[in-house]
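Structural overview for review
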Amino acid sequence: MDAQIALMLGQDGLVNGAVYALMALALVLVFSVTRVIFIGQGEFVTFAALSMAMLQGGARTPATLWLLLALAVATLVVEAWRHQRGAPVDWGSTLVWTVGLPALACAAVLLWRPTSVWAQAFVTLLLITPLGPLLYRLAYRPLAHATVLMLLIVSVALHGVLVGLGLLFFGAEGSRTPAFSEARMDWFGVPVTGQSLVVIALTAVLVLAMFAFFERSIIGKALRATAMNRVGARLMGIPTELAGDVSFALAALIGAVSGLMIAPITTIYYDTGFLIGLKGFVAAIVGGLASYPLALAGALLVGQLEAFSSFWASAYKEVLVFTLIIPVLWWRSLRSHTVEEDEE
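Criteria and thresholds
Residues numbered from 1 in each chain as written. Predicted model: local features only at pLDDT ≥ 70, side-chain atom pairs only at ≥ 80, totals over all residues. Heavy atoms only, no water. Helix = DSSP H or I, 4+ residues; strand = E, 2+ residues; numbered from the N terminus. Buried < 20%, exposed > 50% of the residue type's maximum accessible area, 1.4 Å probe, protein only. Contact = heavy atoms within 4.5 Å. Areas by Shrake-Rupley, 256 points an atom, 1.4 Å probe, with all protein chains shown as cover. Lys, Arg positive; Asp, Glu negative; His and termini not counted. Charge placed at Lys NZ, Arg CZ, Asp CG, Glu CD. Polar contact = N/O pair within 3.5 Å; in protein donor to acceptor, adjacent residues only side chain to side chain. Core = buried A, V, L, I, M, F, W, Y, C linked by side-chain atoms within 4.5 Å. Axes fitted to C-alpha atoms, helices over the stretch in contact; angles between N-to-C directions. Parallel < 35°, antiparallel > 145°, perpendicular 65-115°, else oblique. Left-handed = near helix turned anticlockwise from the far one by under 90°. Nonpolar A, V, L, I, M, F, W, Y, C, P; charged D, E, K, R; others polar. Phe/Tyr/Trp six-rings, centres within 6.5 Å; stacked < 30°, edge-to-face > 60°. Salt bridge = Lys/Arg side-chain N within 4 Å of Asp/Glu carboxyl O.

Scanning the chain from N- to C-terminus turns up 15 helices and two strands. Once the C-alpha set of the chain is aligned to its principal axes, its extents read approximately 70 × 60 × 35 Å. For the chain, the proportion of its 344 residues judged to be buried stands at 48%. In the chain, the share of contacts with a sequence separation of at least 24, taken over all contacts with a separation of at least 6, comes to 75%. When the accessible surface of the chain is summed, it comes to about 16300 Å², and 70% of that surface belongs to carbon and sulfur atoms. Each charge class in the chain was averaged separately, 18 positive and 19 negative side chains, and the resulting centres sit 5 Å apart.

Below you can see the structure in the form of structure tokens.
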């Protein structure tokens, strides 16, 4: 290995680490607010990338639109049933997730039919983002007081369902999308593509926007309060159920952006998101599923380890990446001497 190869591998590791960082942020956010280890986070990546490819193909309407409408109808029926039984229902947020955004997505896909790459990316975000809160309301909110293990079992089952739907919707063939930037440069003898810079820049913007959202906005502070003490937040008047909606919506948005960024770089298959989500989970574990800065550092570490191990031992690069979780868990087990009970 010489300096030029090391720089090329470092660039690949930085690009991959940027995507894993977004995955890790989404996983930490969802777990902090809802105690859900969301195994299906990677499916948002897959659905976004393949929906974008279908939009650009122009031959068919993205199948995720029908999934969005089916989930919206199911959620509306469930909320109406809860209302009939006397349970409190926030119809304002319910109509936003089940009527407003799906109607907007339908209009964008069926009537607008955008042709530019950025417009198609916007429509894809409209399709994927509402899936998060709809899945939360159908699969997780009824089990809000269940144990973390029970929620994990539900996550595994939901992941299997989403992967099966991905195979049904998109088939076994992979797809790529055109790059957002076709620029090509040469830095210190290392070829750099414009798409790589787009990935890094969008990741930086999204991470900074997330930190500003949690530090400056009322909704972000409410999410932080819910993550710190769910019962205390409820006593202070914060609607913790809506906090779950917002956290899953942000997770779906982050996953969709990640899918749009990597689709021009690598071929995406119906099950590609699972591996990406797992590597994001390794990064989140480095942060203890609680620390955003440590999760970001863990994502960069995972990206670099994957890049350099692909050079030294390409056959074992996945094994080396996932083995990283063992020393992290060992170190955390040494520092943790108590087990806190789940709050009801």
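We now examine the side chain of Thr34. Within the fold, Thr34 resides in helix H1 (residues 3-34). A distance of 2.6 Å separates a polar side-chain atom of Thr34 from the backbone oxygen of Val30. Setting aside its immediate chain neighbours within four residues, Thr34 contacts Tyr136, Leu151, Arg230, Gly244, Ser247 and Phe248.

Let's shift gears to unusual backbone geometry. Phi angles above zero are rare outside glycine, and Arg35 is one such case at about 65 degrees. Here Arg35 lies in the loop between H1 and helix H2 (41-57).

Phe38, Ile128, Leu131 and Tyr140 are the most contacted members of the largest nonpolar core, which totals 87 residues. Top element by residues in this core is H1. It accounts for 15 residues. Ignoring any residue separated from it by four or fewer positions in sequence, one finds Leu131 in contact with Phe44, Phe47, Leu67, Leu68 and Leu71. Residues Met52, Ala121, Phe180 and Leu260 belong to the second largest nonpolar core, which totals five residues.

In this section: the packing of helix H3 (residues 63-84) against helix H4 (residues 91-112). At a minimum axis separation of 10 Å, H3 and H4 run at an interaxial angle of 160 degrees. By the criterion of interaxial angle, the relationship of H3 to H4 is roughly antiparallel. The two elements H3 and H4 meet at a crossing, and its hand is left-handed. Mapping the contact onto sequence places Leu65, Leu68, Leu69, Ala72, Thr75, Leu76, Glu79, Ala80 and His83 in H3 and Trp91, Thr94, Leu95, Thr98, Pro102, Ala105, Cys106, Val109 and Leu110 in H4. Partitioned by chemical class, the residues of the contact of H3 with H4 number 13 nonpolar, four polar and one charged.

The next thing to look at is the packing of aromatic side chains. This structure, assessed with the given rule, holds eleven aromatic pairs. Connected via pairs of aromatic rings, a cluster forms that spans Phe38, Phe44, Tyr136, Tyr140 and Phe248.

Our focus in this paragraph is the pattern of salt bridges. Overall, the coordinates contain six salt bridges when judged by the stated rule. Glu79 is the salt-bridge partner of Arg141, the closest N and O atoms lying 2.2 Å from each other. Within this pair, whereas Arg141 is found in the loop between helix H6 (131-140) and helix H7 (148-170), its partner Glu79 is found in helix H3, the two being separated by 62 residues in sequence. Of the two residues, Arg141 and Glu79, neither departs from the other in class, the shared state being buried. By sharing partners, the salt bridges in this structure join Glu79, Arg82, Arg137, Arg141 and Asp245 into a single network.

Keep in mind these values describe shape, not function.
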